[in-house]
Amino acid sequence: MARRDLMARRSRTQRRQLLWGLAFAAPWLIGFAVFIAWPIIASAYYSLTNFNLFQSPQFVGTANYRAMAADPVFWKSLQNTLYLTAVGVPLTLLLSLGCALVLNLPVRGQPLYRALVYLPTIVPVVVTGYLWRWLLNVQYGYVDRILALMHLPQPDWLENPSWGTQAVLLVTLWTVGGPTIIYLAALKNVPRELYEAARVDGAGAVARFRHITWPTISPVTLFQVVVSVIAYLQIFTQPYLLAQDHLNSSSGGPGNSMLSYSMYLFQNAFVYLKMGYASAMAWVLFVVTMAVTAVVLVTSRRWVHYGSR
Amino acid sequence: MAPAKPAAQIQPRPDSEPVTAAEPITGQADHAAPRRKPALRHLGQAGRAGTRIAAVVVVVAGFAFPFAIMVTTSFKTTGDIFHAPPRFWPTSWTLASFQAAFSQMPFWHYLGNTVLLCLLNVIGTLVACPLVAYSLAKLGWRGRGPLLVLVLATMMLPPQVTLIPIYLIWNGLHAVNTYWPLVVPAFCGTPFLIFMIRQFLISLPDELIEAARIDGASELRIYLKVVLPLARPALATAAVFQFVWTWTDFLNPLIYLNDPGKYTLSIGLYNFFSEHGVAWGPLMAACVLFTIPAFVIFLAGQRYFVEGIATRGFK
């Protein structure tokens, strides 16, 4: 009798806990249903339809996906985006690790310097876009001026089709403050005993970096690779602003050299009102992102060291 | 790098000194070197300090240089701005660009709209995120494990997938060109901030909550009187993040706002550029004005930023 009482009470407590748990989680559960679960289902359906916002969607099967395969602009935007990812991710890692190593040096005033390196990432992207358009101006800009002082070629970044993508790359590399701060935190977590032991064994600076610093921070590097791969595959605002034309709302820069995948998706959705085609593009992007991330995770087993942590 | 060289030449093999974690890249420590005279040793150390400072200066200059150009351009006369080759310092300083920016663009109006949106988003975040985070961290209910996985999984989903259906929902509700689409999502909680607050709450001792429960406090009362006050540092981090996100957001106002009276600064600036493309002086002046608030908030909340990012890095 007493046992049954106890069990009844326990199940009552459990139900109470479940209700409170759900009640506290309710805002996100509602948000998930409305802004994630339903949109995923709807998007999958729209990708199989012809939909221009004014008439109800017409089912067309895989026509959007087939149209994509035959659309040269789609391929151009995909090529630009994959190029930005393939070049941008390694450069982001190199630059942020280099900056983190420098900002970790014992120099007075480091908090201020760290803030200055991080600052570009919190500046409104619109400001970033226009500031760099001015800096990259071929006549009055400072980037080409500095290149001239160093006797290097001075490309017309914003008008020359073969330099448009590099201009986007340059602007994105100005905002590596986020990865830099993460690397900085990782460097501070490397046990100092390891360095001291290595120094006793006569290891030089390069050897210490290769055999201690690099393996110890490799899990963080993996995180950085995954995050920046996703960010580059989805890149929108920087190229959109660099390519912005005064009269034309759907510019892709010179020869579409700045047209990123997400820009083309946006144009299809909100300029041409091809909602079905744009939804199909979103799903292809999702698949590409998953595939690239999976490749990174599988190959990471060779170079990521999960040590004592 | 220049100031470091002479000393390094005098002392090519500097004696070892305390080596710090980050030294591998610049450090030239060589513990086998014979001990030198103290004076020379000091010179060598000064040289290495010089190298370090030079490295920091190069890095900081690279990132800060564009800001310097933005500020000096905004104080230049038109003649100075369109001078080839460009000169760094203005020949004469003028506020004309700022006056032009204010007169050609309803700056204060846009600022008011942007601040309003920021406040509403920060309130939304502070209401919703800690509630969900508390449920995930401290309430022992069945299903909180799967919910956590779900929260983290949504961080991986490209926003492009949900962008169009969400637009169509708001379009169906006739809420396009209102602030609803830009505010309501914050009241549902953001996965990244929920996760960050959850990581903080998990470190709080359970005894505090248990003690309150034994005293007969209701769950809601425990949350409001015990948990929220203790979570203040995590809430500050979340508020700073949300503020800067909303302040700098471009895509959402671009999609949802088309009435100039409702524009945020981002979209106002975007339109200003469309209309007065080559007015670089006023444009840079507007950029300066637009950057200052984010800069102030960042300096005030710098500590919270770095903590938040470090948490994210080590999930």
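The structure presented is a predicted model; accordingly, all values stated were derived computationally and were not measured.

**Quick word on the overall build of chain B**
In terms of regular secondary structure, chain B is built from 16 helices and zero strands. By residue count, 41% of the 315 residues in chain B fall in the buried class. Considering only intrachain contacts with a sequence separation of at least 6, the fraction spanning at least 24 residues in chain B is 76%.

**Notes on the overall build of chain A**
Broken down by element type, chain A carries 13 helices and two strands. Taking 19 Å as the expected radius of gyration for a compact globule of 309 residues, we find that chain A reaches 25 Å, considerably beyond that expectation. The buried share of chain A, taken over its 309 residues, is 42%. Here the contacts in chain A between residues at least 6 apart in sequence split such that 71% fall between residues at least 24 apart.

**Overview of the interface of chain A and chain B**
Residue-level contacts link 84 residues of chain A with 84 residues of chain B. Of the residues belonging to the side of chain A that touches chain B, the class tally is 63 nonpolar, 16 polar and five charged.

**So, the nonpolar core**
Residue and element names in this part refer to chain B. Membership of the largest hydrophobic core comes to 144 residues, with the highest contact counts inside it found for Val-132, Ile-197, Ala-286 and Cys-287. No other element matches helix α5 (residues 107-137), which puts twelve residues into this core. Sequence-distant contacts of Ile-197, defined by excluding residues within four places in its chain, comprise Cys-129, Pro-130, Ala-133, Ala-231, Ala-234 and Ala-238.

**Focus: the packing of helix α12 (residues 261-271) of chain A against helix α13 (residues 275-300) of chain A**
Residue and element names in this part refer to chain A. In the contact formed by α12 and α13, the axes pass within 7 Å of each other and the chain directions differ by 160°. Considered as vectors, α12 and α13 are oriented roughly antiparallel to each other. For the pair α12 and α13, the crossing hand works out as left-handed. Between α12 and α13, the contacting residues are Tyr-261, Leu-265, Asn-268 and Ala-269 on the first element and Met-275, Tyr-277, Ala-278, Met-281, Ala-282 and Leu-285 on the second. Classifying every residue of the contact of α12 with α13 gives nine nonpolar, one polar and no charged.

**Quick notes on the domain arrangement of chain B**
Residue and element names in this part refer to chain B. Partitioning chain B into structural domains gives domain 1 (2-74) and domain 2 (100-313). Of the residues lining the interface, four residues belong to domain 1; the matching set on domain 2 comes to six residues. Residue composition of the side of domain 1 that touches domain 2, grouped by class: two nonpolar, two polar and no charged.

**A look at the domain arrangement of chain A**
Here chain A is described as being made up of domain 1 (2-46) and domain 2 (71-300). Measuring from the centre of the C-alpha atoms in domain 1 of chain A to the corresponding centre in domain 2 of chain A gives 39 Å.

**Section: the environment of Leu208(B)**
Residues and elements named next belong to chain B. By secondary structure assignment, the location of Leu-208 is in helix α10 (residues 206-214). We classify Leu-208 as partly exposed; it has 14 C-beta atoms within 10 Å. Along the sequence, Leu-208 and Val-226 sit 18 residues apart, while their C-alpha atoms lie 7.7 Å from each other.

**Digging into the environment of Ala100(A)**
Residues and elements named next belong to chain A. Among the structural elements, Ala-100 can be located in helix α3 (residues 72-103). Remark: the alpha-carbon pair of Ala-100 and Val-126, spanning 26 residues in sequence, is separated by 26 Å. Those residues in contact with Ala-100 that lie beyond four places of it in its chain are Thr-180, Tyr-183, Leu-184 and Leu-187.

**Describing the packing of helix α12 (residues 232-248) of chain B against helix α15 (residues 280-300) of chain B**
Between two packed helices, both the angle of their axes relative to each other and the distance between the axes serve to describe the pair. Residues and elements named next belong to chain B. Where α12 contacts α15, the axes come no closer than 11 Å and their chain directions differ by 170°. Considering the angle they form, α12 stands roughly antiparallel to α15. Contact residues: α12 offers Val-240, Phe-243, Val-244, Trp-247 and Thr-248, while α15 offers Pro-293, Ala-294 and Ile-297. Tallied by class, residues from the contact of α12 with α15 come to seven nonpolar, one polar and no charged.

**Quick word on unusual backbone geometry**
Residues and elements named next belong to chain A. Unusually for a residue other than glycine, Leu-53 sits at a positive phi of about 85°. Take Leu-53: it is sitting in the loop between β1 (49-50) and β2 (58-59). In this structure, Asn-256 takes a positive phi of about 60° despite not being glycine. When you line up the elements, Asn-256 lands in the loop between α11 (237-243) and α12.

**As for the confidence of the model for chain A**
Per-residue pLDDT for chain A has a mean of 90; in total, 97% of the residues score no lower than 70. Here helix α4 (residues 110-118) of chain A stands out as the element of chain A with the lowest mean pLDDT, 86, in contrast to α3(A), whose mean of 96 is the highest.

**Quick word on the confidence of the model for chain B**
All names here are of chain B. In the predicted model, chain B carries a mean pLDDT of 82, and the fraction of residues at 70 or more is 81%. Of all the helices and strands in chain B, helix α1 (residues 5-10) carries the lowest mean pLDDT, 35, while helix α8 (residues 180-183) carries the highest, 97. Taken together, the stretch residues 1-36 has pLDDT below 50 and engages in 67 contacts with residues farther than four places along the chain or on a different chain. Reported confidences for the modelled complex are a pTM of 0.84 and an ipTM of 0.85.

**What about α12(B)?**
The α-helix advances 3.6 residues per turn, and as a result positions three or four apart in sequence lie on the same side. Spanning 17 residues, α12(B) covers 24 Å between terminal C-alpha atoms, matching the ideal 24 Å at 1.5 Å per step. Of all 17 residues in α12(B), 13 are buried; the element is thus mostly enclosed.

About the criteria used
- Residues numbered from 1 in each chain as written.
- Chains lettered and ligands numbered in written order.
- Predicted model: local features only at pLDDT ≥ 70, side-chain atom pairs only at ≥ 80, totals over all residues.
- Helix = DSSP H or I, 4+ residues; strand = E, 2+ residues; numbered from the N terminus.
- Buried ≥ 20, exposed ≤ 12 C-beta atoms within 10 Å, placed from the backbone.
- Contact = placed C-beta atoms within 7 Å.
- Rg over C-alpha atoms; globule rule 2.2 N^0.38 Å.
- Nonpolar A, V, L, I, M, F, W, Y, C, P; charged D, E, K, R; others polar.
- Core = buried A, V, L, I, M, F, W, Y, C linked by C-beta atoms within 7 Å.
- Axes fitted to C-alpha atoms, helices over the stretch in contact; angles between N-to-C directions.
- Parallel < 35°, antiparallel > 145°, perpendicular 65-115°, else oblique.
- Left-handed = near helix turned anticlockwise from the far one by under 90°.
- Domains from an automatic or database assignment.
- pLDDT = per-residue confidence, 0-100.
- Expected span 1.5 Å × (residues − 1).

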